[in-house]
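# Fold and contact review
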Amino acid sequence: MRIALVGQPNSGKSTLFNALVGLRAVASNFPGTTVEILRGRAVLAGKPAEVVDLPGIYSLSAGDPAERVARDFLLHEKVDLIINVIDASVLLRSLSLTLELAELAIPMVVVLNMADEAEHKGLKIEREKLAEILGVPVVFTIASRGIGLKELLSAIPKARVPKTPRYSPALEEVLQELLPRVQKDQRYAGLPPRYAALLFLAEGKALPEEIREKLRCGRDEEPAVILADERAALASRIFHEVARVERTKPGIRERLDDVLMHPVLAYPFLFLALFLLFFLTFKMGGALEGLLMPKLEGISEKVRELLGGGVLPQALAGALDGLFAGIGIALPYLVPFYLLLALLEDVGYLPRLGFLLDGLMHRLGLHGKSVIPFVLGYGCSVPAVLATRILEDERDRLITAALAVMIPCAARTVVIFGLVGRFLGPWLAFALYLGNILVVALAGAVLARIFPATGPGLIMEIPPYRWPAVRTTLGKTWLRLREFIKVAWPILVGSSFVLALAEALEWEPYLNAAARVFTWPLGLPPAAGVPLIFGVLRKELALLLLAHALGTEDFAAVLSISQMLVFTVFTIFYVPCLATVGTLLREIGGRRTLLVILGTTGLALFLGLLVRLLTL
Amino acid sequence: MNINLPAVPLSELMPGQGGSVYAVVGPGKAVQLRLIALGLRPGAKVRVLGRGPGRGPLLVEVNGTRVALGRGLAKRVLVIPAPEEKPMKGE
């Protein structure tokens, strides 16, 4: 038996999935983070079942990536049962999706989750009546506390194909007319005929004019919009039949936004939240690194001794260094960063961040949601680029991805603090961060000129504040880390291998000569060539290699202030690391990735020259 | 009643002010579907809870959900303002 969990974003779907399968699915208090399909196995009502968690969607038909994924799955993957998860506190809005699912003619159970929140809002829902109207079992749950799961399990065998929703007479008449037409149409083969007619209608392209006219009844709207509106109207009628609202006083959670989303008062809190995010990350990361690195270095030295000389052993030892760099340098910062960020997200603060910075983002021709990938970028660019999926508009996704890769990730932080912070003072390092934001903003403004905004602007649900559930917060942290581990780490290891090989085979002079194209105009010593070339593979490597190439870690003794600054600035901006390039290729395609590479390198060269001139 | 009150863009309402949606003017199919999904459709009761600074977005409550709407979009949602700041009835 295959069971699909379908629900709107923030309905507690993933929490319920966790409860059913006991696996880690990623729940979110930020609309739209789960675009992946998660599967798990469970024994439900005595039978083995495959449980599938589909991405959170508002409808099946608005056409964004998550909705397409969900719809294709439901239509073509032989789903035996739909569990429609509803956040009971927003029942009215949720019923539209329920009605759309009812058209699929698949047995269904409706779960009114977050029953406590509904009560808190003064919403009284008559479960029996709703079950009767929809023609399917309806159960209350509070998935986060495991309440109502038994009732859900015993409702599963009683699942029924829902009653067919009936719309306005005009729409029903049109559907009847379309039925014979779509039954002959190959594209809709295997679908319930009525749903096929609805799809054909919503597509609207091949619709004869007289049918359009009949449907419109004076409304000058697209057929898809009329259909969605009729569904919402029906949902509203059902809602008023089954639910009553008793006014309650706004609680603390509602009042919290009076401050945290206040046009003026909100900003001190915003800065505090971001400051704590970075401060705690650096504190915890530094402590972990200090704990791990000496041990790993010890092991590395022993292995080197064991392996002895020769080209291959040296290269292998290099690969091991790459592996350890991941454990000792990257993960100590990435784990706390993504954990704290997941907390901010699950509490519900991240969407508010998007709201508060929307005005600012507009100057870059973007809107508030783009803030999320940018913030993620301070950890690792790979999850940042992946997070651009939450944006609806393709142009917004592209520009956000192009800008997000310029945000200094954990690896570039190593360079900034190891070179500028250590030898020129932490304030200058901090100034580089601010300068980076400025450059990203300017680049955004320029891109906005070249590609004018086409997107509609911000439409984002602001979910209520919630206590994060430990399991889902950890789950999300893990998912982001997994992106680093799966994509970035192997490249880290591979590149360290290649680097050690190059060293053992003495390629350095040739590479340095080739890199003169960059090192000469920037006024850097020729030996900086190899670090910059291999910095493309791993940015923090640029610093380690620089120490190696110059024969000392006391950079101030061999480099001028200007050279240290130029090297750092160039490292921040030039070509995103290989792992990021790989992710960009997958997300935005080859040609655009090439443009990003050329653009960022050009920018890095320009900024490097500028810094050189300014510090002459 | 509201008969003589003209519809105004949602962006014109002051924080705390409510009204009912009269029409959504041509933001394109995809956006319109998204607005309907969040409950912003003709007849829906809305209330402005706050606005971001400058040309920032509006925080709107509709059907018991809080939604952030960009200023540009909020201009396209026409509402008939509620005559008096009365407690909003229900969802």
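Residues numbered from 1 in each chain as written. Chains lettered and ligands numbered in written order. Predicted model: local features only at pLDDT ≥ 70, side-chain atom pairs only at ≥ 80, totals over all residues. Heavy atoms only, no water.

Take the overall build of chain B next. In terms of regular secondary structure, chain B is built from two helices and six strands. Mapped from its N terminus to its C terminus, chain B presents α and β elements in the order β-β-α-β-β-β-α-β. Classification of the 91 residues of chain B by burial places 55% in the buried group. Carbon and sulfur atoms provide 57% of the accessible area of chain B, an area that totals close to 4,000 Å². (Helix = DSSP H or I, 4+ residues; strand = E, 2+ residues; numbered from the N terminus. Buried < 20%, exposed > 50% of the residue type's maximum accessible area, 1.4 Å probe, protein only. Areas by Shrake-Rupley, 256 points an atom, 1.4 Å probe, with all protein chains shown as cover.)

This brings us to the packing of helix α19 (residues 410–424) of chain A against helix α27 (residues 561–573) of chain A. All names here are of chain A. Running from N to C, α19 and α27 point in directions that differ by 165°, and their axes come no closer than 10 Å. With respect to α27, the element α19 is oriented roughly antiparallel. Once α19 is placed against α27, the crossing between them reads as left-handed. Listed contacts from α27 to Arg412, Val415, Ile416, Leu419, Val420, Phe423 and Leu424 of α19 are Ile561, Met564, Leu565, Phe567, Thr568, Thr571 and Ile572. When the residues that make up the contact of α19 with α27 are grouped by side-chain class, the tally is 11 nonpolar, two polar and one charged. (Axes fitted to C-alpha atoms, helices over the stretch in contact; angles between N-to-C directions. Parallel < 35°, antiparallel > 145°, perpendicular 65-115°, else oblique. Left-handed = near helix turned anticlockwise from the far one by under 90°. Contact = heavy atoms within 4.5 Å. Nonpolar A, V, L, I, M, F, W, Y, C, P; charged D, E, K, R; others polar.)

We now examine the packing of aromatic side chains. Residue and element names in this part refer to chain A. This model, assessed by the stated rule, comprises 13 aromatic pairs over all chains. Between phenylalanine 278 and tyrosine 378 the ring centres are 5.0 Å apart and the planes differ by 80°, which places this aromatic pair in the edge-to-face class. Taken together, the positions of phenylalanine 278 in helix α12 (residues 266–307) and tyrosine 378 in the loop between α16 (371–377) and α17 (381–387) put the pair 100 residues apart, joining distant regions of the chain. One aromatic cluster in this structure is built from Phe278, Phe282, Tyr333, Phe337, Tyr338, Tyr378, Phe417 and Tyr433. Here the basic side chain of arginine 352 rests over the ring of tyrosine 465, its NZ or CZ set 3.9 Å away from the ring centre. (Phe/Tyr/Trp six-rings, centres within 6.5 Å; stacked < 30°, edge-to-face > 60°. Lys NZ or Arg CZ within 6 Å of the ring centre and 35° of its normal.)

What follows is about the domain arrangement of chain A. Looking at the assigned domains, one finds that chain A contains domain 1 (2–158), domain 2 (169–227) and domain 3 (266–456 + 469–614). Of note, the centres of domain 2 of chain A and domain 3 of chain A, computed from C-alpha atoms alone, are 51 Å apart. (Domains from an automatic or database assignment.)

Quick look at the interface of chain A and chain B now. Interfaces are frequently sized by the accessible area removed from exposure as the parts join. On the side of chain B, 33 residues touch chain A, which itself brings 39 residues to the contact. Carbon and sulfur atoms supply 62% of the area buried between chain A and chain B, which totals about 3,200 Å² over both sides. Considering only the side of chain A, the residues that lose the most area to chain B are A:Arg93, A:Phe355 and A:Ile459, jointly responsible for 18% of the buried surface there. At the boundary of chain A with chain B, the tally comes to three salt bridges. Its salt-bridge partner being A:Asp229, residue B:Arg41 comes within 2.9 Å of it at the nearest N-O pair. At the junction of chain A and chain B, the tally comes to seven residue pairs in polar contact (both at pLDDT 80 or more). At the level of secondary structure, the elements contributing two or more residues to the side of chain A that touches chain B comprise α3 (91–102), α8 (193–203), α10 (223–242), α11 (252–260), α15 (358–362) and β9 (459–462) of chain A. (Buried area = accessible area lost by both parts, 1.4 Å probe. Salt bridge = Lys/Arg side-chain N within 4 Å of Asp/Glu carboxyl O. Polar contact = N/O pair within 3.5 Å; in protein donor to acceptor, adjacent residues only side chain to side chain.)

So, about the environment of B:Val21. Tracing the chain through its elements places B:Val21 in strand β2 (residues 18–24). Classification of B:Val21 by relative accessible area gives buried; the value is 4%.

Turning our eyes to something else, we now look at the confidence of the model for chain B. Residues at a pLDDT of 70 or more form 85% of chain B, whose mean pLDDT is 81. Between the elements of chain B, mean pLDDT differs from a low of 85, seen in helix α1 (residues 29–37) of chain B, to a high of 92, seen in strand β4 (residues 58–62) of chain B. (pLDDT = per-residue confidence, 0-100.)

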